[in-house]
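The chain contents come next:
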Amino acid sequence: MNFFRGVMGGQTAGPQPSGAETIQKLCDRVASSTLLEDRRDAVRALKSLSKKYRMEVGTQAMDHLINILQTDRSDSEILGYALDTLYNVISNDEEEEQDENAQKQADDLGTQFTETFIQDPEHITLLLTMLEEFDFHVRWPGVKLLTALLKNQGVQVQGIILVSPMGVSRLMDLLADSREVIRNDGLLLLQQLTKGNAAIQKIVAFENAFERLLDIITEEGSSDGGIVVEDCLLLLLNLLKNNSSNQNFFKEGSYIQRMKPWFEVGDDNSGWSAQKVTNLHLMLQLVRVMVSPVNSPGATASCQKCMYQCGLLQQLCTILMATGVPADILTETINTVSEVIRGSQVNQDYFASVNAPSNPPRPAIVVLLMSMVNERQPFVLRCAVLYCFQCFLFKNQKGQGEIVATLLPSTIDANSISAGQLLCGGLFSADSMSNWCAAVALAHTLQDNLTQKEQLLRVQLATSLGKPPVSLLQQCTNILSQGDKIVRRGSKVQTRVGLLMLLCTWISNCPIAVTHFLHNQENVPFLTAQISENLGEDERLVQGLCALLLGICIYYNDNSLENYTKEKLKQLIEKRIGKENFVEKLGFITKHELYSRAALKPQPIFPSPEQMLFDHEFTRLLKELEGLITKAVHKSSEEEKKEEEVKKTLEQHDNIVTQYKELIREQDAQIQELKEKVSSMTTQTEQLQATVSQQQSQIQQHKDQYNILKLKLGKENQSQSSQGDTQLNGLQTEELSQLREELEELRRQQTLLQTQLSEKDALIDSLKSAAKAAECPAGSDNTELLQELEALKNQVQTHLAEISHLKAERQELLRRAEAGPSDTAPPSDGSSDAAKAELENRLAAQTAEMEQLKENRSGLEQQLAAATSTAAILQTEKAKLQTEVQESKKEQDDLLMLLADQDQKIHSLKQRLKDLGETVRKHSLEVKQGQKTLLEVKQGQTFTSFLPPSFPVFFPSFPSLIPFSSFPSFLFFHPPFFTYF
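For the protein, the name recorded in an unreviewed UniProt entry is General vesicular transport factor p115, with Poecilia latipinna as its organism. Looking at the protein in UniProt, the text filed under Sequence similarities (unreviewed entry) is "Belongs to the VDP/USO1/EDE1 family." The protein has a UniProt comment under Function (unreviewed entry) that states "General vesicular transport factor required for intercisternal transport in the Golgi stack; it is required for transcytotic fusion and/or subsequent binding of the vesicles to the target membrane. May well act as a vesicular anchor by interacting with the target membrane and holding the vesicular and target membranes in proximity."

Structure follows, in structure tokens:
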């Protein structure tokens, strides 16, 4: 222990050992100590020395530290010390403050130690198993060590982890760790792991990385979050950039929709923190990765559609038009919106409808173009606006027409600023960058659109007062020819290059525009003069573009101008310039460095305004035209004639080939139809053959069954014929006559029952008509109805009894008919065959009569059931009538009470008049002698009321039959109360 005190800082007498000696002794102690505590103390000491003596610890102690990791797995403390020591040795992070040379040496040292560590792939596998330990002092150093290894030797370590079983899955578990330190360092580890390795990127993505990372971003506050959000976004960029599989998985997993809340900004956008700017910048880059022009067109189109449907594009346009947004965020938002709408008609139409919150409201395109042609705006912002305008017009002929229409005389509005006016203003301004941007923007309005090239020829410009207007094409050539005479801010070459690119795009593939260009007598001499001069390096680029413009005039010339036909222009080139010199000047463009840089990406990215010379779409056009123009210049007139003849012949051949192709297609279609018919008929034939075979087997089975049944029937007929002869012979004449009499009796009974049934039907019909007529109930009708119902019930019972009697008689007849042959003896006289036949006929007739009687009986039963149901219906109607009678009685009682009250009031009023001495005339009817007010008729408890003639006028519904109980008692003692007025 004294030794360790000396190492850890205790002072002892004598000379102090050097660092290398101390490290050697500690390594020996680690290798030779049997006690775990001694080894732990030695490793702790190595950890404390590893930063200062990085070289010595790395060279002497690495093997011992790896052995500790393999043997002392049970002690987490010593594992943590060993991992920390290895991290200090391998990592280069601690050397940031040193100078450049020292830093380079430190990087080389870390790379060397990393190579030593990963010589055995089992060391990486061992380290991955350490990450499964939940102990903080083991897991955290392990994460840092693996991150350092990936920084120093990323490709080799990625390969080892990729082939390690469950290697990536173990690292993905770090994101689920509840300790933020480990989770955050796990993000850094995954960033290094996924750099440039598509296979690992796919594995990480399918380990649910998108879901976890988006959840962490949401938990940390999205764009308002801290450095953790930035790490998550960097990892997402690693997973999605240039990885079509992960991009498709991200889209199909509906993760694009979860990006929309990131871009929700409020009205007050002042005071953005640097971290928020960084986070939002990365979020915009993430959107751009999904819709980058380098992706496959199908994947880009589907992502653009999804972003429009979920409202992400609308949210980006809101940021675009918001106030207070930092300049770099606004620039990146413009670039992002550009790629979201590029080539998508729906998104381009929506962007065209967006208005800026100004007074009056202006389209967003106009506001952006105002920034582009304003030389006081930042350079990167102007480039972003140009890119946005290019993307808006990419494959958008509708948008191209709308922009060109703002320049035409019929659509110009003097009270508002249009996009066309801004472009013309920028094209002819004194700022060279504005000239170039406006020229490129106008060129994009004409890209692959012959109609708009012809429409733009109609644009007329008023240059100054008192002078006639000139066309836009003529004004562009005028500015081009003036060259150095015009004072401009910026590069003059930039302006001329922009105008030449515009003219080349304009007249290419448009013979009418070529004719208009050649119609100006000054244009061709100017071009030949520019090409033939010997100028500087910058001017050589202008010469090449002039050669391209002249070559386009040759290639797309329709020979409508006699002075400038194809042949005359080629002769002019040969005399004044020379064909070889012309081709050399033309080829100089593609050799230019800026041309190669512009051909890489559609986005205009330039280090400085002076290097802004070429447009991406123009480079594509030049690639198509360079070879064609070279061939057109070198061809003679005879070769051209031959080529024209060959073209005509080829066209004829092509027409013939096309006809034959169509004929072959038709024949192929017919052959295909015939093949389908043959296959279907073959299938039907097979089915029919199978059906025929089945039917043949069934027919054979039926034949066999028929033969068997035929044999059985033959035997049964023989036995039945013998039994039949015995039965016919056994029937006696007396029994036959008795059976005839019984049949006659049954016929009479049947006739009687039919008569009774018809009577009952008539009775039922009469009852139905009576029930319909008896809507106003009467007591006597109810009584008759009840009596008739009782009679009908009795008749039904009688019918039932008769039917049961008939059934019994029928059973008796059947029994006697069956028992007859067994009780009788065979006749002694031996009847002849004729007698037998007669008896058989009679027996058959009797049997038929019996069947007919059965049918009649069933019919009578049905009619009886119908009569029973009719009776039930009548019973229901009777109950309804009785209910109505009871209600009428109640109404009668109420009316009598009201009448009595009225009479009582009149009587009291008369009495008061008499008391006051007034003479009262009698208006009431007196009851005369012999006239009955109430005539009591003893009919049970019912009284008949004879009322005065006018009484029914007041009470028309008063019934004529009133129950005794419904009259008040005073009515029988005060007959004069029944009065009328």
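What follows deals with the packing of helix α27 (residues 472-482) against helix α28 (residues 492-507). Two elements in contact, α27 and α28, have axes whose closest approach is 10 Å; the angle formed by their N-to-C orientations is 145°. The way α27 lies across α28 gives a crossing that is left-handed. Note on element contacts: α28 touches α27 through Arg 496, Leu 499, Leu 500, Leu 502, Leu 503 and Trp 506, opposite Leu 472, Leu 473, Cys 476, Thr 477, Ile 479 and Leu 480. Classifying every residue of the contact of α27 with α28 gives 10 nonpolar, 1 polar and 1 charged.

Turning next to the environment of Tyr 81. Summarising the element assignment, Tyr 81 is placed in helix α5 (residues 76-90). Taking the C-alpha atoms as reference points, Tyr 81 and Val 138, separated by 57 residues in sequence, lie 8.5 Å from one another. For Tyr 81, the residues in contact, after removing those within four places along its chain, are Arg 40, Val 43, Arg 44 and Lys 47.

The next thing to look at is the pattern of salt bridges. Going through the model one piece at a time under the given rule, you end up with 21 salt bridges. Between Lys 276 and Asp 224 there is a salt bridge, and its shortest N-O distance comes to 3.4 Å. Residue Lys 276 is located in helix α16 (residues 274-290), and its partner Asp 224 is located in the loop between α13 (209-219) and α14 (227-240); the two are separated by 52 residues in the primary sequence. Take Lys 276: its relative accessible area is 17%, and that puts it in the buried class. Look at Asp 224 and you get exposed, because its relative accessible area is 58%. Among the ionic pairs, Glu 617 bridges to Arg 620, the shortest N-O distance being 2.5 Å. Remark: Arg 620 and Glu 617 occur in helix α35 (residues 616-634); sequence separation between them is 3 residues, near one turn of the helix. The exposure class assigned to Glu 617 is buried, which follows from its relative accessible area of 7%. On the basis of relative accessible area, Arg 620 is assigned to the partly exposed category, the value being 37%.

This paragraph deals with α13. Buried within α13 are the following residues: Ala 209, Phe 210, Leu 213, Leu 214, Ile 216 and Ile 217. What you see down the axis of α13 is that its buried residues fit within an arc of 155°, all on one side. Structural note: α13 exposes Thr 218 and Glu 219 on the side pointing more than 90 degrees away from its buried face. For α13, the secondary structure elements touched by its buried residues are α10 (167-172), α11 (180-193), α12 (198-206), α14, α15 (244-252) and α16.

So, how was this worked out
- Residues numbered from 1 in each chain as written.
- Predicted model: local features only at pLDDT ≥ 70, side-chain atom pairs only at ≥ 80, totals over all residues.
- Heavy atoms only, no water.
- UniProt positions renumbered as here; feature names shortened; annotations may be inferred.
- Axes fitted to C-alpha atoms, helices over the stretch in contact; angles between N-to-C directions.
- Helix = DSSP H or I, 4+ residues; strand = E, 2+ residues; numbered from the N terminus.
- Left-handed = near helix turned anticlockwise from the far one by under 90°.
- Contact = heavy atoms within 4.5 Å.
- Nonpolar A, V, L, I, M, F, W, Y, C, P; charged D, E, K, R; others polar.
- Salt bridge = Lys/Arg side-chain N within 4 Å of Asp/Glu carboxyl O.
- Buried < 20%, exposed > 50% of the residue type's maximum accessible area, 1.4 Å probe, protein only.
- Arc of directions from axis to C-beta.

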